[in-house]
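Secondary and tertiary structure notes
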Amino acid sequence: MSATTVARRYAEAMADVAIARNQVDQIDAELRTFAEMLRQSRELAQVFASPVLPQADKGKVLEALIARTRPGTFTANLLRTMLTNYRLPLVAEVYEQYRRIINERRGVVVAEVTTAQPLAQAEQAQLGQRLQAITGKRVEFQFKTDPALIGGVVTRIGSVIYDGSVRTQLQEIEQRLKTGTRD
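It should be emphasised that the depicted structure is a prediction, and the values quoted were computed from it without experimental measurement.

Turning next to unusual backbone geometry. A positive phi angle, close to 55°, is found at asparagine 22, a residue other than glycine. When you line up the elements, asparagine 22 lands in the loop between α1 (3-20) and α2 (24-40). Note on asparagine 22: relative accessible area 70%, which makes it exposed. Phi at isoleucine 150 takes a positive value of approximately 70°, unusual for a residue other than glycine. Mapped onto the secondary structure, isoleucine 150 falls in the loop between β2 (138-145) and β3 (153-157). Judged by relative accessible area, isoleucine 150 falls into the exposed class, the value being 52%.

Judged by pairing direction, the sheet is mixed, and its four strands sit side by side in the order β2-β1-β3-β4 without closing on themselves. The open sheet terminates on both sides in strands that have one partner only, identified here as β2 and β4 (160-163). Along the sheet, successive strands turn relative to each other by an average axial angle of 20°, direction set aside. Across five bridges, strand β1 (residues 108-115) lies against β3 in antiparallel orientation. Its bridge partner lying in β3, alanine 111 is registered against isoleucine 157. Set on the sheet, helix α7 (residues 121-135) makes contact with β1, β2, β3 and β4; between it and β2 the angle comes to about 130°.

Right, let's talk about the layout of surface pockets for a bit. Within this model, the largest pocket holds a volume of roughly 500 Å³. Along its surface, the largest pocket is lined by 16 residues, and Arg100, Asn103, Val110, Glu112 and Gly158 are the ones closest to its centre. For the lining of the largest pocket, the secondary structure elements donating two or more residues are α6 (91-106), β1, β2 and β3. Counting residues per element, the lining of the largest pocket draws most heavily on α6, which supplies six residues. By volume, the second largest pocket is sized at about 180 Å³.

This part is about a nonpolar patch on the surface. The grouping of Ile150, Leu170, Ile173 and Leu177 at the surface amounts to a nonpolar patch, some 410 Å² of accessible area in total. Position of leucine 177 relative to the elements: it lies in helix α8 (residues 166-179).

Parameters and conventions
- Residues numbered from 1 in each chain as written.
- Predicted model: local features only at pLDDT ≥ 70, side-chain atom pairs only at ≥ 80, totals over all residues.
- Heavy atoms only, no water.
- Helix = DSSP H or I, 4+ residues; strand = E, 2+ residues; numbered from the N terminus.
- Buried < 20%, exposed > 50% of the residue type's maximum accessible area, 1.4 Å probe, protein only.
- Pairing = 2+ DSSP bridges.
- Axes fitted to C-alpha atoms, helices over the stretch in contact; angles between N-to-C directions.
- Contact = heavy atoms within 4.5 Å.
- 1 Å grid on protein atoms, 1.4 Å probe; cavity = no way out; pocket = protein on both sides within 12 Å on 5 of 7 lines; lining within 4 Å.
- Points joined across faces, edges and corners; volume = space filled by probe spheres on them.
- Patch = residues over 30% accessible without salt bridge, like charges linked within 9 Å, V, L, I, M, F, W, Y side chains within 5 Å.
- Areas by Shrake-Rupley, 256 points an atom, 1.4 Å probe, with all protein chains shown as cover.
- Salt bridge = Lys/Arg side-chain N within 4 Å of Asp/Glu carboxyl O.

Structural data, given as structure tokens:
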């Protein structure tokens, strides 16, 4: 079974609990915190991934982290269950799947927007309206800048990419000039 499939199963269970208990945002924050700890500390990630260290020692480390971060009962139980099933190294993937599932259930899509320079608030609002009209869903943004784009916007929603960058337009013009085609 793939890591994504396993992570999705844990995430679906947590999403069900989070929605039933009205703790979506709390569990989101707790999972994000733990996933970030493992991302930022390679040593900590290696502890939980190590086949050499006994589960009892890993359990002590996990309990110390739970005592320090104080997640809610459901998040703490999820982490303990993942440790017991040797799945704790997948917590970042579980968090990503959880976010995806919650967004699906709320009718939200995440748009990764890359621009040459940061967009003004008015431009962000206009882009949000356009994307909402295209998708029929509420849009949550993740903004990045890449000066190599020269200008314009590249937007990714799921696997669909809308590329309106000047860089791409220049590349298309260059290709047409090389092949001698006209539009």
